[in-house]
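Here are the chains, one letter per residue:
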Amino acid sequence: MLWTPTRIVCNTLINLKSEIFGCYVRILVRREHSSLVSLSSVPFKKGKGEHRNLRLLPTLRLYPRIMTKEETSAERDDMQIDGRELEHLQVSTIPGGFSADYLKLYYGKLFPHADIYRWLSYGNDGKHPACDHSYFGRREFSFTLENDIYVRFQSFNNAVDMENSIREKCPYKIDIGPVYSVDPAKRHAYAQSGNNVFAPVERELIFDIDMSDYDDVRYCCSGADVCLNCWPLMTISMKVLDTALRDDFGFNHILWVYSGRRGVHCWVCDGRARRLSNEQRAAIADYFRVYKGGENNVKKVNLTGPVLHPFLARSYTDVLKGFFEGKLLASQNLFATIERFQKILEIIPDESIASELLDKWQGNRRSSISKEDVNVVRWEQLKHVLQSGKQKAQGLRRCVEEIIFTYTYPRLDMEVSKHMNHLLKAPFCVHPKTGRVCVPIDPYNCDNFDPTTVPTLSQLLEELNMSGMRSESEDEWERTSLGKSIKFFRSSFLSPLLKSCKMESLYNSKVKQSKNALNW
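Residues numbered from 1 in each chain as written. Predicted model: local features only at pLDDT ≥ 70, side-chain atom pairs only at ≥ 80, totals over all residues. Heavy atoms only, no water.

*Asks:* Explanation requested: the sheet that holds strand β15 (residues 440–441) in the structure shown.
*Replies:* Two pairing modes exist for strands in a sheet, parallel and antiparallel, and in both the strands are linked by backbone hydrogen bonds. The strand order across the open sheet formed by four strands is β11-β13-β12-β15, and the pairing between neighbours is antiparallel. The sheet terminates laterally at β11 (205–210) and β15, the two strands that pair on one side only. With five bridges connecting them, strand β12 (residues 254–258) and strand β13 (residues 263–268) associate as antiparallel partners. Residue pairing in the sheet places I254 in a bridge with V268 of β13. (Pairing = 2+ DSSP bridges. Helix = DSSP H or I, 4+ residues; strand = E, 2+ residues; numbered from the N terminus.)

Rendered as structure tokens:
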């Protein structure tokens, strides 16, 4: 084949990139009117193993000499790559999924190390006298490495140490634990001294809600699977808890995070919340506890007393009732089959009423009730029977509320919230099963959160690969769909939190100075 200046330049670039980056690249050449050459490098497999030495290379444009019509015609006949004609080549995308190579790039280019450090330092990373410079170094981090190797009690003195360790070890999951009285990495030295000084002294108040705990009331999915029909159960859980934490307990700095697969995590980061004892945490968790009983208990919600607690009444009126009747009835088809409405009828303590409704619904399965409104019609019939004047004296009116609470009220992992030393996955981790990033959720706009559109690891790297060169003032993540999540984390959570920490630190400093003056 006759090598034109265009082909010589291309060949030189391939050898140069291979020598510099130590990796294979595939070159896409696209010819236009003046023999314009566009080179886009994309990774591909080296041998039979995983992607090795993955690099993100910029798109280069070269403008070689103008070729004659005869030269162009001759070149088009024999210029092929991997046996395919140039005109039909397309840039191949980064394969989906999760891999250690992808994760290394993510930790190196996109993970917000500095923001995580600033958050967990709570203002103790400055130079003012009230700073506790040992604070961050007493925080426990836990890494889950490849092949489920679990490494607990990691600690770091500063942001650089943390970032270097994460980039070097490339953990598949990062969990955050409490702040201990001493450096957790040196706990054995303190234990040998005979003084039992290693104990958790501070930890965010946390909540963990998992979709798999709703498997008995959702029929679209089960286990780790979620869809847009059942995800609203997580949405209303966020609404109920967020409102109560702010209005009933006075907390302000609350971070909601998507778990990356099938649930949500809540971090309450106010100073008062971080300093709660285990007993106080258990009391708050019990305040939210309505759903009780094991798998063998038919009735798992018992609302006692003449009236509902104000928190429960507000949750029922403002959130739960409308969601159950407006969305859940139809999306889960709760009255569409005998197996499903029997489960609801079992909650009614009066067997005669339950049998009456069961016989009625079994008898008119082929009646005029259409498929579209069968759930609504049967629910209205059930409400009419239970809330009629005849049944009011029997105390059955509360059954309607109990059914709604059973199907919609947040189901918390109580043990996670009760103990300071419980670990919870860090925000902006990547879930190894789905490849999705654990992004923050805006509790005031949670209705619009769609877990199926959360960016994946491969998607982010593809966005980086296709975005070209960045400006000096631009962070890598600003060129990806992760950017809006990091900006939200900074503006809506981190900045107000650090401002509050600064004010609290100044107040404590003045109080200390006043005490010293009085002692003098």
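*Asks:* Sorry, what's going on with the side chain of S417 here?
*Replies:* As for its placement among the helices and strands, S417 is situated in helix α16 (residues 414–418). Look at S417 and you get buried, because its relative accessible area is 2%. Within polar-contact distance, the side chain of S417 engages the backbone oxygen of I206 at 2.7 Å. In contact with S417, other than residues within four places in its own chain, are L205, I206, F207, R281 and A285. (Buried < 20%, exposed > 50% of the residue type's maximum accessible area, 1.4 Å probe, protein only. Polar contact = N/O pair within 3.5 Å; in protein donor to acceptor, adjacent residues only side chain to side chain. Contact = heavy atoms within 4.5 Å.)

*Asks:* How do you make sense of the pattern of salt bridges when you look at a structure like this?
*Replies:* As a working rule, side chains carrying opposite charge can pair if their charged atoms are close by. Using the criterion set out here, one finds 24 salt bridges in the structure. With a shortest N-O distance of 3.0 Å, R314 and D248 are connected by a salt bridge. Residue R314 is located in helix α10 (residues 310–332), and its partner D248 is located in the loop between α7 (232–247) and β12; the two are separated by 66 residues in the primary sequence. Since its relative accessible area comes to 23%, R314 is described here as partly exposed. On the accessibility criterion, D248 (30% relative accessible area) is partly exposed. The salt bridge partner of K299 is E402, with a shortest N-O separation of 2.9 Å. Taken together, the positions of K299 in the loop between α9 (278–287) and α10 and E402 in helix α15 (residues 398–408) put the pair 103 residues apart, joining distant regions of the chain. Residue E402 is classed as buried on the basis of its relative accessible area, which comes to 4%. Look at the salt bridges and you will find they share partners, linking K321, E325, E380 and K383 into a network. (Salt bridge = Lys/Arg side-chain N within 4 Å of Asp/Glu carboxyl O.)

*Asks:* Help me understand the packing of helix α11 (residues 338–345) against helix α12 (residues 351–363) in this model?
*Replies:* Helix packing for two helices is described by the angle between their axes and how far apart those axes are. Running from amino to carboxyl end, α11 crosses α12 at an angle of 165 degrees, the nearest separation of the two axes being 10 Å. As judged from the angle between their axes, α11 and α12 are roughly antiparallel. Taken as a pair, α11 and α12 cross one another with a handedness that is right-handed. Every residue of α12 that contacts α11 at I338, F341, Q342 and L345 is listed here: A354, L357, L358, W361 and Q362. Of the residues in the contact of α11 with α12, the class split is seven nonpolar, two polar and no charged. (Axes fitted to C-alpha atoms, helices over the stretch in contact; angles between N-to-C directions. Parallel < 35°, antiparallel > 145°, perpendicular 65-115°, else oblique. Left-handed = near helix turned anticlockwise from the far one by under 90°. Nonpolar A, V, L, I, M, F, W, Y, C, P; charged D, E, K, R; others polar.)

*Asks:* Can you help me understand α12 in this one?
*Replies:* Given 3.6 residues per helical turn, the α-helix brings residues three or four places apart onto the same face. Taking 1.5 Å as the rise per residue, α12 with 13 residues should run 18 Å; its terminal C-alpha atoms sit 18 Å apart, in good agreement. Among the residues making up α12, those that are buried are I353, A354, L357, L358 and W361. Seen along its axis, α12 keeps its buried residues to an arc of 135 degrees; they face one direction. Among the exposed residues of α12, those oriented more than 90 degrees off its buried face are E351, S352, D359 and G363. (Expected span 1.5 Å × (residues − 1). Arc of directions from axis to C-beta.)

*Asks:* Please clarify how the side chain of Q381 should be interpreted in this entry.
*Replies:* Note on placement: Q381 falls in helix α13 (residues 374–387). Accessibility expressed as a relative area gives 18% for Q381, which makes it buried. In this structure the side chain of Q381 is engaged in a polar contact, spanning 2.6 Å, whose partner is the side chain of W361. Residues within four places of Q381 in sequence aside, it is in contact with L357, K360 and W361.

*Asks:* In this structure, what is going on with the packing of α10 against α13? I would like to understand it.
*Replies:* Where α10 contacts α13, the axes come no closer than 9 Å and their chain directions differ by 130 degrees. Taken together, α10 and α13 sit at an angle that is classed as oblique. When the axes of α10 and α13 are compared, the crossing they make is right-handed. Contacts between α10 and α13 involve F324, E325, L329 and A330 on the former and, on the latter, N375, W379 and K383. Split into classes, the residues belonging to the contact of α10 with α13 amount to four nonpolar, one polar and two charged.

*Asks:* Could you clarify how one ought to interpret the packing of aromatic side chains in this entry?
*Replies:* The relation between two aromatic rings is expressed through the spacing of the ring centres and the mutual angle of the planes. What the rule picks out here adds up to 35 aromatic pairs. Taken together, a centroid distance of 6.1 Å and an interplanar angle of 25 degrees make the contact between F143 and F156 stacked. Within this pair, whereas F143 is found in strand β7 (residues 139–145), its partner F156 is found in the loop between β8 (149–154) and α5 (159–169), the two being separated by 13 residues in sequence. Residue F156 is classed as buried on the basis of its relative accessible area, which comes to 6%. Between W231 and F449, the aromatic rings sit 5.9 Å apart at their centres with planes inclined by 40 degrees, giving tilted as the arrangement. Of this pair, W231 sits in the loop between β11 and α7 while F449 sits in the loop between β15 and α17 (457–466), and the two are 218 residues apart along the sequence. Taken as a pair, W231 and F449 share a single burial class, namely buried. (Phe/Tyr/Trp six-rings, centres within 6.5 Å; stacked < 30°, edge-to-face > 60°.)

*Asks:* Explain unusual backbone geometry to me, please; I cannot follow it from the model alone.
*Replies:* Most of the time, phi is negative for any residue but glycine, and the peptide bond is trans. Look at N147: it is not a glycine, yet its phi comes out positive at around 65 degrees. Secondary-structure assignment places N147 in the loop between β7 and β8. N147 gets classed as exposed once you look at its relative accessible area, which sits at 69%. Residues other than glycine seldom take positive phi values, yet F428 does so here, at roughly 70 degrees. With respect to the secondary-structure elements, F428 resides in the loop between β14 (424–425) and β15. The class of F428 is buried, set by a relative accessible area of 0%.

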